[in-house]
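# Residue-level structural notes
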There are 2 protein chains.
Amino acid sequence: MLPFERVAIIGMGLIGSSLARAVRALMPTVRLTVHDADADVRARVLALDLADDVTDTAAAAVVDADLVVLCVPVRAMRAIAESFAADLSPGAVVSDVGSVKGQVLTDLGAVLPKGVALVPAHPVAGTEKSGPDAGFATLFANRWCILTPGPDADPAAVARVDAFWTRLGANVETMTPAHHDMVLAVTSHLPHLIAYSIVGTASDLEGVTSSEVIKYSAGGFRDFTRIAASDPVMWRDVFLTNKDAVLDVLQRFSEDLTALQRAIRWGDGEFLEALFTRTRAVRRTIIDAGQDTDADDFGRPHGS
Amino acid sequence: MLPFERVAIIGMGLIGSSLARAVRALMPTVRLTVHDADADVRARVLALDLADDVTDTAAAAVVDADLVVLCVPVRAMRAIAESFAADLSPGAVVSDVGSVKGQVLTDLGAVLPKGVALVPAHPVAGTEKSGPDAGFATLFANRWCILTPGPDADPAAVARVDAFWTRLGANVETMTPAHHDMVLAVTSHLPHLIAYSIVGTASDLEGVTSSEVIKYSAGGFRDFTRIAASDPVMWRDVFLTNKDAVLDVLQRFSEDLTALQRAIRWGDGEFLEALFTRTRAVRRTIIDAGQDTDADDFGRPHGS
Ligand SMILES: NC(=O)c1ccc[n+]([C@@H]2O[C@H](COP(=O)([O-])OP(=O)(O)OC[C@H]3O[C@@H](n4cnc5c(N)ncnc54)[C@H](OP(=O)(O)O)[C@@H]3O)[C@@H](O)[C@H]2O)c1
Ligand SMILES: NC(=O)c1ccc[n+]([C@@H]2O[C@H](COP(=O)([O-])OP(=O)(O)OC[C@H]3O[C@@H](n4cnc5c(N)ncnc54)[C@H](OP(=O)(O)O)[C@@H]3O)[C@@H](O)[C@H]2O)c1
């Protein structure tokens, strides 16, 4: 039995359009209604045939839905949910894919009516691209999806959202919003912050031209530019809504970087080699856990 | 006409063994003699048939060579060059592939005899792997190779080393060792330092277990682990020998990161979005310059 029969997706960017494609591929009998605020995107979604219906308003999309998934930047969620709250069917489940969960639980909880279950979720999967053409059906396959229901969440609704993501090929975990936000601050938000920062630094140095930075980027820098090419609005919202956890891990990172700086200044080769040996082992565990490819250089093409 | 006819490679790790394979593939009539300090590696090189001769000492490898290429960590070069200096043929050219050039020019210049030309080089190409099995013939194809001859270098020797790398498919540039070391501090050494640091930080936090870090690493962290899996000894030597330039750009990075931290603390969304928009554009120029693949997520496999 399908966990949901009439799904509405609000926001047809990378994640929303991937979700639509995955639902189409893996639950083809689900009736899928989608909305995007941008008329050009709606036209594109129709042209790509990603849904049964494309509506001009979010409210029109949710009317019959038994599951509504918000796929917009974190700080845009509350206003959109407010705009459709009155149109939700009784018994509907509302979920989302936002990269920050504490704020989403608060924001959506504040505007959703009684009788509607809220089950926030975060599929830990993505690419650096945006928009409806960037999505693909296998994005969530074999990736983790974290559910962060509030303390009063309806267990039946949580189980259905779990079943939904499992059907899409994801591995589902549940944790508190606060713990999610701390874990993701480490594994995702800090790495993005650092990448944005280093790409910014490298682009405005005296002494080294930006064409030199581009030319010799294969030495390591180009990896950071991929992450730092991620959607600006999405990431602005992540940092503004997960401020405390991000500042916390950033503080730790700065201390560790200062220790490394000191080791370089004083020529402490043992310190450096010991750290680098330890970090090499971390890579091994990530590959063994199936979280990355073992192909050299991510399997990038060489010699072409 | 071949730029060199008898090439000796000292050190058969990732770069040395890639160079051997590339020479075999693209200049098959060159007589190739190689040495590695490790007997197991020498046996492996024989088994893989990567050279015409494998010698037990560096001195034995260089005897007849008209080109000797040192492919060992930067701080190991001087002692090895000292060990074979007396055995070099008059007119031989000595080069290397070290990631730092100022120190190499000084170290090799101090021990090489008169009548031997020194032309340091750095192919800006690599992977996170080490050892003779990690190499491949196309590593240098379409990548940059930077020559950093000293002020008194023999122009004819420089032209021959240029021709050698061009034959291997690389695009050759020439610059001063000091400028090389500053450019690479930005495009390679700082990114590696940051990656090592963040992987270290993430592995010892309270509140987030390391198995959680591994599990949810697809959010961005796993990219950093690839870089932080690079050879510990090689990178120790890079930081110890390019200390000034690395500390300089690290200082700039720290200032920029502090500005970002401040923007997050004060909720300055405009600052964040403006930076993230600028860095997204840098990615575009790297792809347009042919320095990286445009495939989503580096073309990593999805859904497998
Ligand atoms: N990218 C990732 O790697 C990733 C991974 C996991 C979760 N997420 C989360 O997924 C969500 C969507 O991200 P994405 O990567 O799919 O981004 P995206 O490709 O840029 O798509 C963003 C979508 O949100 C809509 N939107 C933006 N601002 C809006 C506003 N003020 N009001 C209404 N709609 C608005 C956009 O509509 P228009 O068409 O009008 O622009 C678009 O449909 C975010 O919450 C993000 O945190 C992202
Ligand atoms: N990896 C990259 O991405 C990259 C890119 C461009 C340039 N480079 C430069 O290429 C050089 C070699 O790096 P690699 O990546 O090929 O490293 P690798 O795979 O670890 O190989 C290192 C080689 O150096 C030898 N070696 C290490 N310490 C030695 C010592 N004290 N005395 C004698 N031989 C020693 C090793 O011999 P054993 O077999 O005995 O261990 C091995 O043959 C370094 O100077 C590096 O800066 C690297």
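Values in this document were obtained by computation on a predicted structure and should not be read as measured data.

### Comments concerning the domain arrangement of chain A
Residue and element names in this part refer to chain A. The assigned domain composition of chain A is domain 1 (6-175) and domain 2 (179-267). In this structure, domain 1 and domain 2 have C-alpha centres spaced 29 Å apart. On the side of domain 2, 17 residues touch domain 1, which itself brings 16 residues to the contact. Together, the buried faces of domain 1 and domain 2 total about 1400 Å²; carbon and sulfur atoms form 63% of this surface. Its largest share of buried area at the contact with domain 2, domain 1 owes to Arg-75, Val-100 and Glu-128, together 41% of the area lost on that side. Where domain 1 packs against domain 2, one counts two salt bridges. Note that Glu-128 is salt-bridged to Arg-226, the shortest N-O span being 2.8 Å. Of the residues assigned to the side of domain 1 that touches domain 2, the class counts are six nonpolar, seven polar and three charged.

### Some points on the site of ligand 1
All names here are of chain A. Surrounding ligand 1, one finds 28 residues, the nearest of these being Leu-14, Ile-15, Asp-36, Val-72 and Ser-99. Between Asp-231 and ligand 1, the recorded distance is 3.4 Å, taken from a side-chain N or O atom to an oxygen atom. Within the complex, the protein chains bury 77% of what would otherwise be the 900 Å² of accessible surface of ligand 1. Elements represented by at least two residues in the shell around ligand 1 include exactly helix H1 (14-26), helix H4 (77-84) and strand S7 (121-123). Classifying every residue of the shell around ligand 1 by side-chain character gives 16 nonpolar, nine polar and three charged.

### Side note on the site of ligand 2
All names here are of chain B. Neighbouring ligand 2 are 28 residues, the closest being Leu-14, Ile-15, Asp-36, Val-72 and Ser-99. Within the backbone of Gly-131, one N or O atom sits 2.9 Å away from an oxygen atom of ligand 2. One nitrogen or oxygen atom from the side chain of Asp-231 is found 3.4 Å from an oxygen atom belonging to ligand 2. Contact with the protein chains covers 78% of the free accessible surface of ligand 2, which is 900 Å². Those elements giving two or more residues to the shell around ligand 2 turn out to be helix H1 (14-26), helix H4 (77-84) and strand S7 (121-123). Across the shell around ligand 2, the residue classes break down as 16 nonpolar, nine polar and three charged.

### Digging into the relation of the copies chain B and chain A
Rotating chain B by 180 degrees about the axis while translating it 0.0 Å along that axis superimposes it on chain A, leaving an RMSD of 0.0 Å. Seen this way, the second copy is the image of the first under a two-fold rotation axis.

### Considerations on helix H10 (residues 232-241) of chain B
Most of H10 of chain B is tucked away, with eight of its ten residues classed as buried. Within H10 of chain B, the full set of buried residues consists of Pro-232, Trp-235, Arg-236, Asp-237, Val-238, Phe-239, Leu-240 and Thr-241 of chain B. Next to the buried residues of H10 of chain B lie helix H11 (243-265) and helix H12 (269-288) of chain A together with helix H5 (102-111), helix H7 (177-203) and helix H11 (243-265) of chain B. Of the residues flanking the start of H10 of chain B, the one acting as N-cap is Asp-231 of chain B, its side-chain oxygen 3.4 Å from the backbone nitrogen of Val-233 of chain B.

### A word on the pairing of strand S9 (residues 171-174) of chain A
All names here are of chain A. Of the strand pairs in this sheet, strand S8 (residues 144-147) and S9 are connected by four bridges, and their pairing is parallel. By the bridge assignment for S9, Leu-147 is matched with Thr-174. In terms of handedness, the path from S8 via helix H6 (residues 155-167) over to S9 forms a crossover that is right-handed.

### Looking at the interface of chain B and chain A
Contacts between the two partners involve 112 residues from chain B and, on the opposite side, 111 residues from chain A. The junction of chain B with chain A conceals about 10300 Å² of combined surface from both sides, 64% of it contributed by carbon and sulfur atoms. Applying the counting criterion to the chain B and chain A interface returns 22 salt bridges. At the boundary of chain B with chain A, the tally comes to 52 residue pairs in polar contact (both at pLDDT 80 or more). Every element with two or more residues in the side of chain B that touches chain A is listed here: strand S8 (144-147), H7, helix H8 (210-215), helix H9 (221-227), H10, H11 and helix H12 (269-288) of chain B. The element best represented in the side of chain B that touches chain A is H7 of chain B, accounting for 20 residues. Looking at the side of chain B that touches chain A residue by residue, the classes come out as 53 nonpolar, 32 polar and 27 charged.

### Comments concerning the environment of Val-249 of chain A
Looking at where Val-249 of chain A falls in the secondary structure, it is placed in helix H11. Judged by its relative accessible area of 6%, Val-249 of chain A is buried. It is 25 Å that separates the C-alpha atoms of Val-249 of chain A and Asp-96 of chain A, two residues lying 153 residues apart in sequence. Residues in contact with Val-249 of chain A, not counting those within four places in the same chain, are Ala-185, Val-186 and Leu-190 of chain A together with Leu-205 of chain B.

Criteria and thresholds
- Residues numbered from 1 in each chain as written.
- Chains lettered and ligands numbered in written order.
- Predicted model: local features only at pLDDT ≥ 70, side-chain atom pairs only at ≥ 80, totals over all residues.
- Heavy atoms only, no water.
- Domains from an automatic or database assignment.
- Contact = heavy atoms within 4.5 Å.
- Buried area = accessible area lost by both parts, 1.4 Å probe.
- Salt bridge = Lys/Arg side-chain N within 4 Å of Asp/Glu carboxyl O.
- Nonpolar A, V, L, I, M, F, W, Y, C, P; charged D, E, K, R; others polar.
- Near = heavy atom within 4 Å.
- Polar contact = N/O pair within 3.5 Å; in protein donor to acceptor, adjacent residues only side chain to side chain.
- Areas by Shrake-Rupley, 256 points an atom, 1.4 Å probe, with all protein chains shown as cover.
- Helix = DSSP H or I, 4+ residues; strand = E, 2+ residues; numbered from the N terminus.
- Least-squares fit on C-alpha atoms with pLDDT ≥ 70 in both.
- Buried < 20%, exposed > 50% of the residue type's maximum accessible area, 1.4 Å probe, protein only.
- Pairing = 2+ DSSP bridges.
- Right-handed = clockwise from strand over helix to strand, strands pointing away.

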